[in-house]
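The residues making up each chain are set out below.
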Amino acid sequence: MKIILLGPPGSGKGTQARFIIEKYGISGISTGDILRDEVKNKTELGLKAKEYMDAGKLVPDDLVIKMVEERLNKEGYVLDGFPRTLSQAKSLDKILDRINDRIDYVIYIDISEEEIIKRMSGRRICKDCGSVYHLLFNPPKVDGKCDLCEGELYQRDDDKEETIRKRLKVYEEDTKPLIKYYKDKGILRRVDGSKDIEEVKNTIEDIISNI
Ligand code: AMP
């Protein structure tokens, strides 16, 4: 099973990706998580990526494409946060053609800008395992601590309101064209992202059950 999760920053892609990974036992490829790891470990790639990420901009395509190519496998995966530009989508198609593979579905999580801003400012992430929480919608059992590993929760720098607005603009300009791209290929499935986490999860599972 090969799935792409598409949607604006803050639409819940990361949360839904985790559900899918756990339920179906496939791997997750989150370019945002991989990049944050690289930044944390101060690798060459991390040092290059950091300035773009902190500014709410996209990391250059060639760096991200290479990172994803190394992680694609035949067994199955859910791509979260990639592709984010038409050029990334076309590169992915080329890579998949070469290895005689294809994406089953692109699940588009559709949600308004106001809802996103409300959500993202409450988002908290575990420093150790990357689990995602929300102060209002999905609070941890103990304030500031991860339910799964007791790691400390933090707010991403790029979840601050000014950066969120910049990231939404980048999404409008660079990523939105992908909706039409995948619709034309007949593999796009839209999900209403304003519903609660559980409902979005069930809808996604219905879509996946058709594969
Ligand atoms: P995310 O966690 O998916 O919201 O990604 C956080 C940040 O990482 C983005 O704002 C970008 O700076 C960078 N990033 C993640 N995925 C990509 C991608 N596919 N292409 C370019 N930059 C990316």
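Structure: above.
First, a word on what this report is: a plain description of the structure on this page. (Residues numbered from 1 in each chain as written. Predicted model: local features only at pLDDT ≥ 70, side-chain atom pairs only at ≥ 80, totals over all residues. Heavy atoms only, no water.)

**Structural notes on the overall build of the protein**
Phase 1 of the analysis: Scanning the protein from N- to C-terminus turns up nine helices and eight strands.
Phase 2 of the analysis: For the protein, the C-alpha radius of gyration of 16 Å lies close to 17 Å, the compact-globule estimate for 211 residues.
Phase 3 of the analysis: Judged by the C-alpha coordinates and their principal axes, the protein covers about 45 × 40 × 30 Å.
Phase 4 of the analysis: Per-residue burial over the protein gives 47% buried out of 211 residues.
Phase 5 of the analysis: Restricting to contacts in the protein with at least 6 residues of sequence separation, those with at least 24 account for 70%. (Helix = DSSP H or I, 4+ residues; strand = E, 2+ residues; numbered from the N terminus. Rg over C-alpha atoms; globule rule 2.2 N^0.38 Å. Buried < 20%, exposed > 50% of the residue type's maximum accessible area, 1.4 Å probe, protein only. Contact = heavy atoms within 4.5 Å.)

**Comments concerning the sheet that holds strand E6 (residues 132-134)**
Phase 1 of the analysis: Spatial ordering of the open sheet is given by E6-E5-E7, a layout of three strands whose pairing is antiparallel. This sheet does not close on itself; its edge strands, each paired only once, are E6 and strand E7 (153-154).
Phase 2 of the analysis: As judged from the three bridges shared by strand E5 (residues 123-126) and E6, these two strands associate in the antiparallel manner. Looking at E6, one finds that Ile125 is bridged to Val132. (Pairing = 2+ DSSP bridges.)

**Some points on the environment of Lys176**
Phase 1 of the analysis: Take Lys176: it is sitting in the loop between helix H7 (161-175) and helix H8 (177-185).
Phase 2 of the analysis: With a relative accessible area of 33%, Lys176 lands in the partly exposed category.
Phase 3 of the analysis: When the C-alpha positions of Lys176 and Leu86 are compared, they lie 9.2 Å apart, and in sequence the two are 90 residues distant.
Phase 4 of the analysis: At 3.4 Å, the side chain of Lys176 and the side chain of Glu172 are in polar contact. (Polar contact = N/O pair within 3.5 Å; in protein donor to acceptor, adjacent residues only side chain to side chain.)

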